Amino acid sequence: MASGASNSRESAEHGGSPGAFVARGASALPDIAWTATQMRAGERIVIDAELFAAFEAASSPHSLRALKSDLEAFDSWCRRSKRIALPATPELVADYLDARAGQGAKPASLARYKASIAKIHQLLSLKDPTQAELVKLRLRAIRRAKGTAQAQARPLRFKGPVRDVEREAPRGINVRALLEACADDLPGLRDRALLSVAYDTGLRASELVAIGFGHIVEALDPEARLLMIPRSKGDAEGEGATAFLSPRSVRAIAAWTAAAGIGEGPLFRRVQVRRYRARAAVPGRRIESITARETWDLRKTLPKPAVPARVEYDVGQGALHPGSIGPLWRTIIARAFERGALSDLTADDLARLLKGISAHSTRVGLNQDLFVAGEDLAGIMDALRWKSPRMPLSYNRNLAAEAGAVGRLVTRLG
């Protein structure tokens, strides 16, 4: 927790605003409460530190970081506009959402900003301005103008964009080709295991990098394993879930951990690569060639053998950062293309397709492969730990259109 105002001390005024904050119930403020004290206030505001502490204890780190970022952005805009952030008026919130929409923010992001403004007002026992009809109507107008469809990550499917996952040959960007193209050096072994596990489990980036050795347990199939997922985005209370790890992933994990020499802690870690160039042999110098202007050293008369090029690896102790997963997928794809593993794609195809690849691509790809394999919605939701059918249906929307009545008719017509 960040150090803040004591329970008997008022904060200084910020940015020339007439408001001030009074903390009550604790000698140190939780992070979100401290963030609130930095916002431009228009009146005296009492902070219930115990309420903020309870809120932080009930929230995920990701949610707290998002809220803090949203509040700082809102306050910064208010300062530039010379307006009061706390308490905010409905007109102010509506103008802020309009401004963010004008900067390119999507409706889903605007909904998050609105929720963050509502949350800080609720925590400070201030009237929630986001419930005003003006805010709702302005947000509805933005949605009507921009549409509510979210950009979907390009799927990384096991055989690529095929209709029959069992019989058709892989094509396009496909996980199978990427796995085969991974090198057998330390980074390549790590990338093969990481990609294989990501596809098998459909884990989000934060869940993927959180995997530890203790989370992998035996399965009924002696060549497979089960992955215990202690917490996920849709499991705020930590009920836990289980995912299946194929024999392919088990072999990839074993190869990676053996080469990296790790057996506990985080499974997927940073690998630093140091490359040294080759050096040619250097003959020894004759003693009389060493001039008086040089430093006298008999070692100069000794020949130096040739030194071959070499590569050294340093495996980190901590887990990969979630933000590194998307760039890793794009790097793996680019390297596979360079090695000729994606032979049906041109350089222009690759450049276009890479733009849609993100950390979520393996999750979308698994979702779509389950759909084309004939799994029902309930099975897909269970496998990918969805709480609502909205997202899996969204991911499969295009495939459903192809498999629908018109798609079937056109296929028969030839």
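Scroll up to find the structure.
Residues numbered from 1 in each chain as written. Predicted model: local features only at pLDDT ≥ 70, side-chain atom pairs only at ≥ 80, totals over all residues. Heavy atoms only, no water.

A. Seen up close, the overall build of the protein chain. What the protein chain contains, in helices and strands, is 17 helices and seven strands. Every one of the 414 residues in the protein chain was classed for burial, and the buried ones make up 40%. Across the protein chain, the fraction of contacts at a sequence separation of at least 24, relative to all contacts at a separation of at least 6, is 62%. Summed over all atoms, the accessible surface of the protein chain reaches about 22,900 Å², with 54% contributed by carbon and sulfur. (Helix = DSSP H or I, 4+ residues; strand = E, 2+ residues; numbered from the N terminus. Buried < 20%, exposed > 50% of the residue type's maximum accessible area, 1.4 Å probe, protein only. Contact = heavy atoms within 4.5 Å. Areas by Shrake-Rupley, 256 points an atom, 1.4 Å probe, with all protein chains shown as cover.)

B. Here's a closer look at the environment of Pro-392. Along the chain, the position of Pro-392 falls in helix 15 (residues 390-395). Pro-392 sits in the buried class, given a relative accessible area of 0%. Placed 25 residues apart in sequence, Pro-392 and Asn-367 show a C-alpha to C-alpha distance of 6.8 Å. Contacts of Pro-392, omitting those with residues within four sequence positions, involve Asn-367, Leu-377, Ile-380, Met-381 and Trp-386.

C. View of the packing of aromatic side chains. Here the structure, examined in full by the defined rule, presents four aromatic pairs. With a centroid separation of 6.5 Å and an interplanar angle of 55°, the aromatic rings of Tyr-96 and Tyr-113 are classed as tilted. Of the two residues, Tyr-96 sits in helix 4 (residues 90-102) while Tyr-113 sits in helix 5 (residues 107-123), which places them 17 residues apart along the sequence. The two residues Tyr-96 and Tyr-113 agree in class, both being buried. With 5.5 Å between their ring centres and 45° between their planes, Phe-158 and Tyr-199 make a pair best called tilted. With a gap of 41 residues between them, Phe-158 in the loop between helix 6 (133-146) and helix 7 (175-181) and Tyr-199 in helix 8 (residues 186-201) connect regions that are remote in the sequence. Here Phe-158 falls in the buried class, since its relative accessible area comes to 19%. Members of the aromatic cluster, connected to one another through ring pairs, are Phe-74, Trp-77, Tyr-96 and Tyr-113. Note that Arg-310 overlies the ring of Tyr-276, its terminal NZ or CZ placed 4.0 Å from the centroid. (Phe/Tyr/Trp six-rings, centres within 6.5 Å; stacked < 30°, edge-to-face > 60°. Lys NZ or Arg CZ within 6 Å of the ring centre and 35° of its normal.)

D. Spotlight on the environment of Glu-133. Along the chain, Glu-133 turns up in helix 6. Counting along the chain gives 43 residues from Glu-133 to Pro-90, while the straight-line C-alpha distance between them is 8.4 Å.

E. Spotlight on the pairing of strand 2 (residues 44-48). Only one face of strand 2 is covered, namely the face carrying Ile-45 and Ile-47; the face carrying Arg-44, Val-46 and Asp-48 is uncovered. In this sheet, strand 2 lies alongside strand 1 (residues 20-24) in parallel orientation, the contact comprising five bridges. Across the sheet, the residue bridging to Ala-23 is Ile-47, located in strand 2. (Pairing = 2+ DSSP bridges.)

F. Fine view of the packing of helix 2 (residues 49-58) against helix 5. Orientation of helix 2 relative to helix 5, taken along the N-to-C sense of each, is 140°, at an axis distance of 10 Å. Here helix 2 is positioned oblique relative to helix 5, judged by the angle of their axes. In contact with Leu-51, Phe-52 and Phe-55 of helix 2, helix 5 contributes Lys-119, Ile-120 and Leu-123. Grouping the amino acids of the contact of helix 2 with helix 5 by side-chain chemistry returns five nonpolar, no polar and one charged. (Axes fitted to C-alpha atoms, helices over the stretch in contact; angles between N-to-C directions. Parallel < 35°, antiparallel > 145°, perpendicular 65-115°, else oblique. Nonpolar A, V, L, I, M, F, W, Y, C, P; charged D, E, K, R; others polar.)

G. Structural view of unusual backbone geometry. In this chain, Leu-86 is followed by Pro-87 through a cis amide linkage whose omega measures -10°. The residue Pro-87 is located in the loop between helix 3 (61-80) and helix 4 in this model. Positioned with a positive phi, Lys-82 is a non-glycine residue whose angle comes to about 60°. With respect to the helices, strands and loops of the structure, Lys-82 is situated in the loop between helix 3 and helix 4. One non-glycine residue, Arg-385, lies in the positive phi region at around 60°.

H. Inspection of the nonpolar core at higher detail. One finds Leu-178, Leu-208, Trp-256, Phe-268, Ile-325, Trp-329 and Ile-333 to be the most contacted residues of the largest nonpolar core, which totals 59 residues. By size, the runner-up hydrophobic cluster in this structure holds 38 residues, among which are Ile-32, Met-39, Tyr-96 and Tyr-113. (Core = buried A, V, L, I, M, F, W, Y, C linked by side-chain atoms within 4.5 Å.)

I. Highlighting helix 3. For helix 3, with 20 residues, the first-to-last C-alpha span of 29 Å sits near the 28 Å given by 1.5 Å per residue. When helix 3 is considered as a whole, its buried residues turn out to be Leu-64, Ala-66, Leu-67, Asp-70, Leu-71, Phe-74, Asp-75, Trp-77 and Cys-78. Buried residues along helix 3 cover an arc of 160° about the axis, so they all sit on one side. In helix 3, the exposed positions angled more than 90 degrees off the buried face are occupied by Pro-61, His-62, Arg-65 and Arg-80. For helix 3, the secondary structure elements touched by its buried residues are helix 1 (31-37), helix 2, helix 4 and helix 5. Count one or two residues on from helix 3 and you reach Lys-82, which has phi positive near 60°. (Expected span 1.5 Å × (residues − 1). Arc of directions from axis to C-beta.)

J. Representation of a nonpolar patch on the surface in the model. A surface patch of nonpolar side chains, about 190 Å² in accessible area, is lined by Val-273, Val-311 and Tyr-313. Under the relative-accessibility criterion, Tyr-313 is labelled partly exposed at 31%. (Patch = residues over 30% accessible without salt bridge, like charges linked within 9 Å, V, L, I, M, F, W, Y side chains within 5 Å. Salt bridge = Lys/Arg side-chain N within 4 Å of Asp/Glu carboxyl O.)

K. Region of the structure containing the side chain of Asp-75. Tracing the backbone through its elements, the reader meets Asp-75 in helix 3. Taking relative accessible area as the criterion, Asp-75 reaches 7% and is therefore assigned buried. Those residues in contact with Asp-75, other than ones at most four positions away along the chain, are Gln-38, Met-39, Arg-40 and Ala-85.

Read these as layout, nothing more, since geometry by itself doesn't imply function.
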